[in-house]
Amino acid sequence: MSEIRVRTNGRTGHVTLARPDMLNALTKGMCSAIEAALDQWNRDDSVDAMVIDAEGERAFCAGGDIVEMYQSGIRGDLDYGRRFWRDEYRLNARLSGSRLPVISFLQGYTMGGGVGIGCHARHRIVCESSRIAMPECAIGLIPDVGGSYLLARAPGRIGECMGLTGFRAGPADAIHAGFADHFVPREAWPELLRQLADTGDIGLIDQAAEAPASGVLEQGSPMIEQVFSLPSVPEIEQALIEDDSELAGQLRRGMSRNSPLSMACALELVRMQRSSSSMEQALGLEFRFVHRAVEHADFMEGIRALIIDKDNRPAWRHASPADVDRRDVEHLLASLGDQELELEQEH
């Protein structure tokens, strides 16, 4: 498959995303190939670890390839997206729970679907160019692929902050927020990969790691804690308007681009996830929203405005966060009955 390369390299199984011109956007075929490789190497005693990396400098993976999902929605086919998300979420859960250590190398942008395959690895490596984000509210979706599970476990209210604003975390912020583990300078990656293939020794990652330059989320944590602990999106937005700091302005601008309905659901979801006992349970809550996203959320309009027509003028269902009714949120996150995601039975 030209969009992904899978091979055994010494003591490691090695998967490389190979769509650099498309920012390594994740397709259904790529998900299937990664899952098949993970299955094979989990049964192979000669493989000590699985490595996932990507070609190009701009992105590890900037998200899922959602154009086909949009086109299927236009045709009235609701099942394509639901099947894609079921398969993708199964892969996310399996990477998170893999017996075999998974190591991800996350240069450039890691967003959305890229978080799902890169940030549930056991050892997540970032470099100078790394920018990790969950910007789904900008396309009328919610932080998914297990991203809401990570957001809920970030320190303080950083989860609400990243989920509502799409904040792009540099290496220090990504580590502080719990989306990455180690900073290794980009120039050191080839040698580290070679050593891992030769020895399978995971301890080499700690030896190569350095302390990154400080990030802004930890520095801004008092403001973030105060603002993003407020009960609702309108209150959070107003508090950011009243704060004249540079960080508050940056976060407010991030929210201004997003679907009001998605932000309301994202806030509810991150707070619900704090009581989730497992990745599977968290993915199940996310699936409730995405199962309904084409029909009942802003997903189609967000894709049209940002990806298809590129006019950046989405006509959201609600004019502002204050217009979102609590019942809309409850409907999108309500049980799906016999359509609920059951990953534990699937793997």
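Residues numbered from 1 in each chain as written. Predicted model: local features only at pLDDT ≥ 70, side-chain atom pairs only at ≥ 80, totals over all residues. Heavy atoms only, no water.

A. Here's a closer look at the overall build of the protein chain. Broken down by element type, the protein chain carries 18 helices and nine strands. Here the C-alpha atoms of the protein chain give a radius of gyration of 19 Å, agreeing with the 20 Å that 2.2 N^0.38 yields for 347 residues. The C-alpha extent of the protein chain, read off along each of the three principal axes, is 60 × 45 × 40 Å. Expressed as a percentage of the 347 residues in the protein chain, the buried residues total 57%. Taking all contacts inside the protein chain whose residues are at least 6 apart in sequence as the whole, residues at least 24 apart take part in 74%. Accessible surface, the protein chain as shown: approximately 14,200 Å² in total, 46% of it carbon and sulfur. For the protein chain, the separation between the mean place of its 35 positive charges and that of its 53 negative charges on side chains is 2 Å. (Helix = DSSP H or I, 4+ residues; strand = E, 2+ residues; numbered from the N terminus. Rg over C-alpha atoms; globule rule 2.2 N^0.38 Å. Buried < 20%, exposed > 50% of the residue type's maximum accessible area, 1.4 Å probe, protein only. Contact = heavy atoms within 4.5 Å. Areas by Shrake-Rupley, 256 points an atom, 1.4 Å probe, with all protein chains shown as cover. Lys, Arg positive; Asp, Glu negative; His and termini not counted. Charge placed at Lys NZ, Arg CZ, Asp CG, Glu CD.)

B. View of the sheet that holds strand β9 (residues 182-183). Strand order across the open sheet formed by six strands is β1-β2-β3-β5-β7-β9, with mixed pairing between neighbours. Strands at the two margins of the open sheet, each flanked by one partner only, are β1 (4-9) and β9. Pairing between strand β2 (residues 12-17) and strand β3 (residues 49-54): six bridges, direction parallel. The residue of β3 that forms the bridge with Leu 17 is Ala 54. Sitting on the sheet, helix α8 (residues 189-199) is in contact with β1, β2, β3, β5 (102-106) and β7 (123-126), with an inclination near 165° to β5. (Pairing = 2+ DSSP bridges. Axes fitted to C-alpha atoms, helices over the stretch in contact; angles between N-to-C directions.)

C. A look at the side chain of Asp 144. The topology assignment puts Asp 144 in the loop between β8 (131-133) and α5 (147-152). Buried charge without a partner: Asp 144 forms no salt bridge, and the closest opposite charge is Arg 86, 13 Å away. Beyond its immediate sequence surroundings of up to four residues, Asp 144 is in contact with Trp 85, Tyr 89, Met 134, Glu 136, Glu 286 and Val 290. (Salt bridge = Lys/Arg side-chain N within 4 Å of Asp/Glu carboxyl O.)

D. Here's a closer look at the packing of aromatic side chains. In total, this model carries three aromatic pairs according to the counting rule given. On the numbers, 5.1 Å between centres and 75° between planes, the contact of Phe 105 with Trp 189 is edge-to-face. One end of the pair, Phe 105, is in strand β5; the other, Trp 189, is in helix α8, and 84 residues separate them in sequence. Sitting over the ring of Tyr 149, Arg 153 keeps its end group 3.7 Å from the ring centre. (Phe/Tyr/Trp six-rings, centres within 6.5 Å; stacked < 30°, edge-to-face > 60°. Lys NZ or Arg CZ within 6 Å of the ring centre and 35° of its normal.)

E. View of the pattern of salt bridges. In this structure the tally under the stated criterion is 25 salt bridges. By sharing partners, the salt bridges in this structure join Lys 28, Glu 35, Asp 39, Asp 87, Arg 90 and Arg 94 into a single network.

F. Spotlight on the sheet that holds strand β6 (residues 109-111). Taken in spatial order, the three strands make up an open sheet running β4-β6-β8, and their pairing is parallel. For this open sheet the edge positions go to β4 (59-61) and β8, each flanked by a neighbour on one side alone. Pairs of neighbouring strands in the sheet enclose a mean axial angle of 15°, with direction left out of account. Alignment of β6 against β8, held across three bridges, turns out to be parallel. From the neighbouring strand, Met 111 faces β8, where its bridge partner is Ala 133.

G. Representation of the state of the cysteines in the model. In the structure shown here, the tally under the stated rule is zero disulfides. Here Cys 119 stays free of any disulfide, with the sulfur of Cys 61 as its closest cysteine sulfur at 10 Å. A disulfide-free cysteine, Cys 137 has its sulfur positioned 8.6 Å from the sulfur of Cys 265, the nearest such atom. The exposure class assigned to Cys 137 is buried, which follows from its relative accessible area of 1%. (Disulfide = S-S within 2.5 Å.)

H. Inspection of the pairing of β1 at higher detail. Both β1 and β2 contribute to a ladder of six bridges, which runs antiparallel. Within β2, the residue paired with Arg 5 across the bridge is Thr 16. The turn linking β1 back onto β2 is made up of two residues, and Gly 10 within it adopts a positive phi angle of 65°.

I. Summary view of the environment of Trp 189. By relative accessible area, which is 3% here, Trp 189 ends up buried. Trp 189 sits 16 residues away from Ile 205 along the chain, and the two C-alpha atoms are 10.0 Å apart. If near-sequence neighbours (up to four positions away) are discounted, Trp 189 is found in contact with Phe 105, Leu 106, Gln 107, Ile 125, Val 126, Cys 127 and Val 184.

J. Quick peek at unusual backbone geometry. The residue Leu 23 is not glycine, and still its phi comes out positive at about 55°. With respect to the helices and strands, the residue Leu 23 is situated in the loop between β2 and α1 (28-42). In this structure, Asn 312 takes a positive phi of about 55° despite not being glycine. Along the polypeptide, Asn 312 turns up in the loop between α16 (299-308) and α17 (326-332).

K. Broad picture of the side chain of Glu 160. Note on placement: Glu 160 falls in helix α6 (residues 158-165). Side-chain polar atoms of Glu 160 contact the side chain of Arg 271, separated by 3.0 Å. Apart from the residues within four sequence positions on either side, Glu 160 is in contact with Phe 228, Leu 267, Val 270, Arg 271 and Arg 274. (Polar contact = N/O pair within 3.5 Å; in protein donor to acceptor, adjacent residues only side chain to side chain.)

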